[in-house]
Amino acid sequence: MFTRLTVWQKSMELAEEIYKLTSTFPSSEAYGLVTQINRCAVSIPSNIAEGKGRQTDREFKQFLYIARGSVFELRTQLELARRLKFIDSDIALKDKILEVQKMLNILINKL
């Protein structure tokens with residue numbers, strides 16, 4: 001079951017933190033960057049779950065690649081938010097993103 005995967009659990013925690021973070025963004029960004037960041041964050045655990053539900057490791061691996069792509073997308077969007085001064089440089093959040101990225105890399109390499 002996908003809920004037992006530590007990488008899924010960590011990515012769910014990350015998504016929760018991202019949603020809390022984006023709730024502090026200016027209301028003018030409600031349909032812009034906030035939506036993009038939130039969709040990206042939820043895409044990570046969603047793709048892990050969908051991939052785990054597939055029939056083969058090959059299919060699972062493909063969804064893990066997609067999840068990893070979402071991690072990079074999230075990093076980019078958060079960097080833009082930082083440059084726009086919507087957020088400060090949050091080391092803890094960067095560490096969590098990097099942790100999920102590394103866990104995905106390990107799982108991909110195992111398959």
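Figured I'd write up the structure that's included with this text. (Residues numbered from 1 in each chain as written. Predicted model: local features only at pLDDT ≥ 70, side-chain atom pairs only at ≥ 80, totals over all residues. Heavy atoms only, no water.)

Right, let's get into the packing of helix α3 (residues 57-83) against helix α4 (residues 91-110). Relative to each other, α3 and α4 sit at 160 degrees, their axes nearing to 10 Å. Overall, the two elements α3 and α4 adopt an arrangement that is roughly antiparallel. Regarding α3 and α4, the two cross each other, and that crossing is left-handed. Contacts from Phe60, Lys61, Leu64, Tyr65, Ala67, Arg68, Val71, Phe72, Leu74, Arg75 and Leu78 in α3 reach Leu93, Ile97, Val100, Gln101, Leu104, Asn105, Leu107 and Ile108 in α4. Across the contact of α3 with α4, the residue classes tally to 14 nonpolar, 2 polar and 3 charged. (Axes fitted to C-alpha atoms, helices over the stretch in contact; angles between N-to-C directions. Helix = DSSP H or I, 4+ residues; strand = E, 2+ residues; numbered from the N terminus. Parallel < 35°, antiparallel > 145°, perpendicular 65-115°, else oblique. Left-handed = near helix turned anticlockwise from the far one by under 90°. Contact = heavy atoms within 4.5 Å. Nonpolar A, V, L, I, M, F, W, Y, C, P; charged D, E, K, R; others polar.)

Glancing now at the packing of aromatic side chains. Each pair of aromatic rings is reported with the distance of its centres and the angle of its planes. All chains considered together, the criterion is met by 2 aromatic pairs. Residues Phe2 and Trp8 carry aromatic rings whose centres are separated by 5.2 Å and whose planes lie at 75 degrees to one another, so their mutual orientation is edge-to-face. Among the residues examined, Phe2 registers a relative accessible area of 26% and is labelled partly exposed. Classification of Trp8 by relative accessible area gives buried; the value is 15%. On the basis of an interplanar angle of 50 degrees and a centroid distance of 5.4 Å, the ring pair of Phe25 and Phe86 is categorised as tilted. Placement of the pair is Phe25 in the loop between α1 (6-22) and α2 (33-52) and Phe86 in the loop between α3 and α4, with a sequence separation of 61 residues. A relative accessible area of 7% means that Phe25 is categorised as buried. (Phe/Tyr/Trp six-rings, centres within 6.5 Å; stacked < 30°, edge-to-face > 60°. Buried < 20%, exposed > 50% of the residue type's maximum accessible area, 1.4 Å probe, protein only.)

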